[in-house]
Amino acid sequence: MARLLDKAGIKYELIPYVVDESDLSAQHIAAQLDEDINRVFKTLVLRGDKTGLFVCVIPGNMEVNLKAAAKISSNKSAEMIAVKELLPLTGYIRGGCSPIGMKKHYPTYFHSTCLDFDYIYVSAGVRGIQLKLSPKELVGFVNGTVADVAELF
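Before going into details, it helps to say that this report is about the structure given with it. Just so it is clear, the structure is predicted and the values come from calculations on it, not from any experiment.

## A short note on helix α2 (residues 26–33)
All of the buried residues along α2 are Ala-26, His-28, Ile-29, Ala-30 and Leu-33. Close packing links the buried residues of α2 with β1 (12–16), β7 (120–123) and β8 (129–133). The first or second residue beyond α2 is Asp-34, which carries a positive phi of 55°.

What follows is the structure, given as structure tokens:
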């Protein structure tokens, strides 16, 4: 993934954190990084009833709004994929899923609050490392769409 960003000329930092196997939450990561939870984004993979798989990248203190995600992705309904499907479909495991470098490119939707910040964090593709980078550059790099696809817990 770093090679992909390097090749595209996108600036980023790799930020390590201590993994707690019993707590893979974004809240734990934000606390480890001493960062605002609103800057720590989680990458979720969903399946729409019409278009198939798509990705939502949302702040760590939010949950995906399935109706909004379905609508923005041209589906009537959507649901999270099963954890056991994550690795075969994306190449990533739970707690280490990144919007960059999945096995296949899926439509990707970033929650609109990402643009409120000059940088955000997303998984670097493994547990224990976060990518710190510009949300505008990230959205452009993955050809993403910015939309309101999440709501507070």
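## Focus: the sheet that holds strand β2 (residues 41–48)
Sheet architecture is open: five strands sit in the order β5-β2-β3-β6-β9, paired in mixed fashion. Because the sheet does not close on itself, it has two edges, and the strands there are β5 (78–80) and β9 (145–147). If you compare each strand with its neighbour and ignore which way they point, the axes differ by 35° on average.

## Description of the pairing of strand β6 (residues 108–111)
Here β6 shows two buried faces, one formed by Thr-108 and Phe-110 and the other by Tyr-109 and His-111. Strand direction decides the pairing type here: strand β3 (residues 52–59) and β6, joined by three bridges, are parallel. Each bridged residue has a counterpart across the sheet, and for Val-55 the counterpart in β6 is Thr-108. In the sheet, β6 pairs with β9 via three bridges, with the strands oriented parallel. Looking at β9, one finds that His-111 is bridged to Ala-147.

Parameters and conventions
- Residues numbered from 1 in each chain as written.
- Predicted model: local features only at pLDDT ≥ 70, side-chain atom pairs only at ≥ 80, totals over all residues.
- Heavy atoms only, no water.
- Buried < 20%, exposed > 50% of the residue type's maximum accessible area, 1.4 Å probe, protein only.
- Helix = DSSP H or I, 4+ residues; strand = E, 2+ residues; numbered from the N terminus.
- Contact = heavy atoms within 4.5 Å.
- Pairing = 2+ DSSP bridges.
- Axes fitted to C-alpha atoms, helices over the stretch in contact; angles between N-to-C directions.

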